[in-house]
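Read off the chains here:
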Amino acid sequence: MSDIIRLSIYRYDPERDAKPYMQAFEVPVLKPGMKLLDALNYIKWHIDGTLTFRRSCGEGVCGSDGMNINGVNGLACITPVAGLRQPIRVRPLPSMEVIRDLVVDTRHFFEQYRSIRPWLQIITPTPEHERLQTPAERAELDGTYECILCACCTTSCPSWWWNGDRFLGPATLLQASRWIADSRDEATGERLDQLEDAFKLYRCHQIMNCMEACPRQLNPTAAIGRIKRLLLVRQS
């Protein structure tokens, strides 16, 4: 790897620019194992302070810095620059309105998430102590609760690009699967009723871009398949 990293970054300020453009930058290799977020921080702190992007924990936990990296969605904070084809082409997550540079408007994404009521829905009285689960019941949540809502999977999904106003998308449906599988929840029927819709659920055509894009190695396609099977069993 050379001592210089070349990047081409999407720039757009709606208050100043007539249209988006790509801007070239060169950044020194700062340390072994350098991540893309390190390069973006260097540009903002030392070259161009107007470059705008989201970031927070820097550890792949908060999901703030999702972006499109050489055509593939991912988190800048856990993407090593070593091995990336240069110039590294950095763009905002696709199919979302750009607010500025690499920052996108996630309001619709989180409105869809809120629509599935992502919390325990309980009818029975609150017990004196916690609501218990067996180890096996707890294991049913593995592969779903780890989602960090970074939107990398949803914005990689062609069905969401085309029908995002009605199709809930991989991340929201993965979360819906998590609450349906939770043995402590008492609204399984209502949750399935809400999802039994030609667009909300069934626009998933198992393209599996979501699985490839997920930085946590989760499988939203499989979770969506489980919801579909539950609906089929309920109808039989």
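Residues numbered from 1 in each chain as written. Predicted model: local features only at pLDDT ≥ 70, side-chain atom pairs only at ≥ 80, totals over all residues. Heavy atoms only, no water.

J.: For this particular structure, what's the right way to read the layout of surface pockets?
T.: Size it by volume and the largest pocket reaches roughly 190 Å³. Looking at the largest pocket, it is lined by 17 residues, and the ones nearest its centre are Arg 54, Gly 63, Ser 64, Thr 106 and Cys 150. Put simply, the parts of the chain that give the lining of the largest pocket at least two residues each are strand 3 (66-69) and strand 7 (103-104). When grouped by side-chain class, the residues that make up the lining of the largest pocket number eleven nonpolar, four polar and two charged. (1 Å grid on protein atoms, 1.4 Å probe; cavity = no way out; pocket = protein on both sides within 12 Å on 5 of 7 lines; lining within 4 Å. Points joined across faces, edges and corners; volume = space filled by probe spheres on them. Helix = DSSP H or I, 4+ residues; strand = E, 2+ residues; numbered from the N terminus. Nonpolar A, V, L, I, M, F, W, Y, C, P; charged D, E, K, R; others polar.)

J.: Just to check I follow, could you spell out the pairing of strand 3 for this structure?
T.: Put simply, side chains in a regular strand alternate between the two faces of the sheet. On strand 3, burial covers both faces: Gly 66 and Asn 68 on one face and Met 67 and Ile 69 on the other are all buried. Connecting strand 3 to the antiparallel partner strand 4 (residues 72-75) that follows it, the hairpin turn spans two residues, and Asn 70 within it adopts a positive phi of roughly 50°. Pairing between strand 3 and strand 5 (residues 88-91): two bridges, direction antiparallel. Looking across to strand 5, one finds that Asn 68 is bridged to Arg 91. (Buried < 20%, exposed > 50% of the residue type's maximum accessible area, 1.4 Å probe, protein only. Pairing = 2+ DSSP bridges.)

J.: Would you mind showing me how to read the packing of aromatic side chains here?
T.: Two aromatic rings, taken as a pair, are described by how far apart their centres are and by the angle between their planes. Inspection of the entire model under this criterion finds one aromatic pair. Seen in terms of ring centroids, Phe 109 and Phe 110 are 5.0 Å apart; in terms of plane orientation they differ by 80°. Their pairing is edge-to-face. According to the relative accessible area criterion, Phe 109 is buried, its value standing at 1%. For Arg 178, the ring lying beneath its charged end belongs to Trp 179, and the centroid distance is 3.7 Å. The ring of Phe 199 has Arg 203 sitting right over it, with the charged end atom 4.8 Å from the ring centre. (Phe/Tyr/Trp six-rings, centres within 6.5 Å; stacked < 30°, edge-to-face > 60°. Lys NZ or Arg CZ within 6 Å of the ring centre and 35° of its normal.)

J.: Would you explain the pattern of salt bridges in this entry?
T.: Taken as a whole and assessed by the stated rule, the structure comprises twelve salt bridges. Among the salt bridges present, the one from Asp 17 reaches Arg 16, with a minimum N-O distance of 3.6 Å. Close ionic contact of Glu 196 with Arg 234 constitutes a salt bridge, the shortest N to O distance being 2.9 Å. Residue Glu 196 is located in the loop between helix 6 (188-195) and helix 7 (209-213), and its partner Arg 234 is located in helix 8 (residues 220-235); the two are separated by 38 residues in the primary sequence. A relative accessible area of 36% means that Glu 196 is categorised as partly exposed. With a relative accessible area of 36%, Arg 234 lands in the partly exposed category. (Salt bridge = Lys/Arg side-chain N within 4 Å of Asp/Glu carboxyl O.)

J.: Explanation requested: the environment of Gln 86 in the structure shown.
T.: As for its placement among the helices and strands, Gln 86 is situated in the loop between strand 4 and strand 5. Owing to a relative accessible area of 24%, Gln 86 belongs among the partly exposed residues under this scheme. Spatially, the C-alpha atom of Gln 86 lies 13 Å from that of Val 29, the residues being 57 residues apart in sequence. Polar side-chain contacts of Gln 86 include one of 2.8 Å to the backbone nitrogen of Arg 6. (Polar contact = N/O pair within 3.5 Å; in protein donor to acceptor, adjacent residues only side chain to side chain.)

J.: Explain the packing of helix 5 (residues 169-181) against helix 6 to me, please; I cannot follow it from the model alone.
T.: When two helices pack together, their arrangement is given by the angle between their axes and by how far apart the axes lie. Where helix 5 contacts helix 6, the two axes come as close as 10 Å, and the packing angle between them is 155°. With respect to their mutual orientation, helix 5 and helix 6 come out roughly antiparallel. For the pair helix 5 and helix 6, the crossing hand works out as left-handed. Two secondary-structure elements touch here, helix 5 through Leu 173, Ala 176, Trp 179 and Ile 180 and helix 6 through Thr 188, Arg 191, Leu 192 and Leu 195. When its residues are assigned to classes, the contact of helix 5 with helix 6 shows six nonpolar, one polar and one charged. (Axes fitted to C-alpha atoms, helices over the stretch in contact; angles between N-to-C directions. Parallel < 35°, antiparallel > 145°, perpendicular 65-115°, else oblique. Left-handed = near helix turned anticlockwise from the far one by under 90°. Contact = heavy atoms within 4.5 Å.)

J.: What is the right way to look at the nonpolar core in this model?
T.: Inside soluble globular proteins, nonpolar side chains tend to come together where they are buried. Counting residues in hydrophobic clusters, the biggest one holds 58 residues, and the most contacted among them are Leu 7, Ile 9, Leu 36, Leu 40 and Met 67. When sequence neighbours within four positions are dropped, the list of residues in contact with Leu 36 reads Leu 7, Met 67, Ile 69, Ala 76, Thr 79, Val 81, Ile 88 and Val 90. (Core = buried A, V, L, I, M, F, W, Y, C linked by side-chain atoms within 4.5 Å.)

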